[in-house]
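Understanding the architecture of this molecule
Spelled out from the first residue to the last, the chains are:
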Amino acid sequence: MSTAIRGEDGLARCPWGLSAPDYIAYHDEEWGRPVRDDAGLYERLCLEAFQSGLSWLTILRKREAFRAAFHGFDMEKVAAFDAADVARLMGDAGIVRNRAKIDAAIGNARAALDLPGGLAATVWRYADPGAPAYADMGDVPASTEGSKALAKELKRHGFRFLGPTTVYALMEACGLVDDHLAGCHRRGAYA
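Residues numbered from 1 in each chain as written. Predicted model: local features only at pLDDT ≥ 70, side-chain atom pairs only at ≥ 80, totals over all residues. Heavy atoms only, no water.

**Considering helix 3 (residues 56-69)**
Our working rule: Counting from the N terminus, the helices are DSSP H or I runs at least four residues long and the strands are E runs at least two residues long. To estimate how far a helix should extend, the number of its residues minus one is multiplied by 1.5 Å. Bend, at a single residue, is the angle you get between axes fitted to the 7 residues ending at that residue and the 7 residues starting at it. In this scheme, a residue with accessible area under 20% of its type's maximum is buried, one over 50% is exposed, and one in between is partly exposed, where area comes from a 1.4 Å probe on protein chains only. A contact between two residues is defined here by any heavy atoms of the two lying within 4.5 Å. As used in this structure description, the phrase polar contact means that two N or O atoms lie within 3.5 Å; if the pair is within protein, one of them must be able to donate a hydrogen and the other to accept it, and residues adjacent in sequence are counted only when both atoms belong to side chains.
Between the first and last C-alpha of helix 3 there are 18 Å, a value that for 14 residues agrees with the 20 Å anticipated at 1.5 Å per step. When the local axis directions of helix 3 are compared, the greatest deviation, roughly 55°, occurs at lysine 62. Buried within helix 3 we find Trp56, Leu57, Ile59, Leu60, Arg63, Phe66 and Ala69. Buried positions along helix 3 lie against helix 1 (21-29), helix 2 (38-51) and helix 5 (83-90). Two or three places before leucine 57, at the start of helix 3, stands the capping residue serine 55, its side-chain oxygen 3.0 Å from that residue's backbone nitrogen. Phi turns positive one or two residues past the end of helix 3, at histidine 71, with a value near 50°.

Printed below as a string of structure tokens:
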């Protein structure tokens, strides 16, 4: 099914939100909740980039290891990473060991610190609170004009390893759009 489904607790959820216990918690407590601070958005941007080509469940289950490896996603600390840090990260089995993604996380920390007005101010200019309520997962877009524009803006400022699809996933996860399906108990919860 691709419409909102009632779980054992009687609450209707987006179907992906019922596929694993980790997803239930993420769906109900985090996905779509507005993230308005630079640090929170930087962490999510990194995790979305690391997820590219993988299951989000893999990233969720490795999140604490990512937080430890990237010093809590403290942008100043990550921006100061050097070759020894990259080698340490490449040897860390607790995270996704992809050199391009690691380099992007470090470069994106530097770009975020140099971003006029900050990461949150830049990202939130592209929020779309009037996005439609989709009834079916098949109707939810992979990208939008807003995610294309935001990806272009971030790339213009030196961000790497992100495109319209990754940026749209960030927008969904961080509450810039509400893509909880019509009928889902979280739809409109953060308006």
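Having put the structure on the table, let's press on.
**Remarks on the UniProt feature "binding site: Zn(2+)" (unreviewed entry) in the protein chain**
Convention followed: UniProt positions are given in the numbering used here, feature names are shortened, and annotations may be inferred rather than shown by experiment.
The feature "binding site: Zn(2+)" (unreviewed entry), as given by UniProt, occupies Cys14, His27, His180 and Cys184 in the numbering adopted here. Separation in sequence by 171 residues is not matched in space for these annotated residues, since their most distant C-alpha atoms are only 10.2 Å apart. With respect to the helices and strands, histidine 27 occurs in helix 1. Histidine 27 gets classed as buried once you look at its relative accessible area, which sits at 0%. Here histidine 27 is in contact with Arg13, Cys14, Trp16, Gly17, His180, Cys184, His185 and Arg186, once residues within four sequence places are set aside. Turning to its location among the elements, histidine 180 is positioned in the segment after helix 9 (164-173). We classify histidine 180 as buried; its relative accessible area is 1%. If we ignore the near neighbours within four places in the chain, the residues touching histidine 180 are Cys14, His27, Trp31, Gly32, Arg186 and Arg187. There is a polar contact of 2.9 Å between the side chain of histidine 180 and the backbone oxygen of tryptophan 31.

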